[in-house]
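A closer look at the structure
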Amino acid sequence: RAYERERQAFRAHVIELKKPRRVHLGTIQTLVFENRDTIRFQIQEMARVEKIFTDDGIQAELDVYNPLVPEPGELCATLFLELTSDDQVREWLPKLVGIERSVVFRLSDGAEVRCGVDAQHASQLTRADATAAVHFVHFRFTPAQVAAFGDGAQLAIDHPQYLEVTQLAPFTVEELRADLLPDP
């Protein structure tokens, strides 16, 4: 009930929060970089929609989504394959097997930070014949890479069937760098 009272305002907050955290790579891929508020919203919406009211049910949602709250030196993202037709699904999902390991930050000093996938996610969503349309990925940065990130970065996908690169906007770099730094 407490969430219902704050839902409208919190939803508006999260929609605005996600704008600089959403990065499009080409025509069918988008990454949304998560933080504590975006994940809190996801959990609360799942509990609301699925009518999860038990402590065990809420704990199950927390167990699924808490790994997407980044720690200092880490970025976590949801990778969406934005396929809007059955024809696109049939074409792209078989082509993009392994896409969840093909995202990389290219930093201004030449360093690269490749995404990783936790084992539980990989076992549930990775198949030999087709990929899933949604993946959860994380990036772990060294302190030197965090420092270089502040000077700008590119985000790239280097999957053999889908090669894309985009320069991150300064407001996106600023937003994500805040996630990489320890809380003051």
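Above this text sits the structure in question.
This section reports on the structure supplied with the text. For clarity, every value in this text was computed on a predicted model and none was experimentally measured. (Residues numbered from 1 in each chain as written. Predicted model: local features only at pLDDT ≥ 70, side-chain atom pairs only at ≥ 80, totals over all residues. Heavy atoms only, no water.)

**Remarks on the overall build of the protein chain**
- Looking only at helices and strands, the protein chain features 7 helices and 8 strands.
- Taking 16 Å as the expected radius of gyration for a compact globule of 184 residues, we find that the protein chain reaches 17 Å, a close match to that expectation.
- Along the first, second and third principal axes, the C-alpha atoms of the protein chain reach 50 × 45 × 30 Å.
- Residues counted as buried form 45% of the 184 residues belonging to the protein chain.
- Pairs at least 24 apart in sequence give 68% of the contacts found in the protein chain among residues at least 6 apart.
- Accessible area of the protein chain: about 10,200 Å², with a carbon and sulfur share of 52%.
- Charged side chains in the protein chain number 20 positive and 29 negative. The centres of these two groups are separated by 4 Å. (Helix = DSSP H or I, 4+ residues; strand = E, 2+ residues; numbered from the N terminus. Rg over C-alpha atoms; globule rule 2.2 N^0.38 Å. Buried < 20%, exposed > 50% of the residue type's maximum accessible area, 1.4 Å probe, protein only. Contact = heavy atoms within 4.5 Å. Areas by Shrake-Rupley, 256 points an atom, 1.4 Å probe, with all protein chains shown as cover. Lys, Arg positive; Asp, Glu negative; His and termini not counted. Charge placed at Lys NZ, Arg CZ, Asp CG, Glu CD.)

**Re the packing of aromatic side chains**
- With the rule as written, the count across this model stands at 9 aromatic pairs.
- Seen in terms of ring centroids, Y65 and F136 are 6.4 Å apart; in terms of plane orientation they differ by 75°. Their pairing is edge-to-face. Here the residue Y65 occupies a position in helix α3 (residues 55-65), and F136 occupies one in strand β6 (residues 134-140), the gap between them amounting to 71 residues.
- Note on F141 and F149: the rings are 5.7 Å apart at their centroids and 85° apart in plane angle, and the pair reads as edge-to-face. Each member of the pair, F141 as well as F149, carries the same accessibility label: buried.
- Joined through ring pairs, the aromatic side chains of F33, F105, F139, F141 and F149 make up one cluster.
- Cation over ring: R40 sits above F10, and NZ or CZ is 4.2 Å from the ring centre. (Phe/Tyr/Trp six-rings, centres within 6.5 Å; stacked < 30°, edge-to-face > 60°. Lys NZ or Arg CZ within 6 Å of the ring centre and 35° of its normal.)

**Topic: the pattern of salt bridges**
- Tallying each qualifying case throughout the model produces 9 salt bridges.
- Here E16 ties to K19 by a salt bridge, and the two come within 2.8 Å at their closest N and O atoms.
- E16 sits in the partly exposed class, given a relative accessible area of 47%.
- Linked through salt bridges whose partners overlap, the residues forming this network are R21, E175 and D179. (Salt bridge = Lys/Arg side-chain N within 4 Å of Asp/Glu carboxyl O.)

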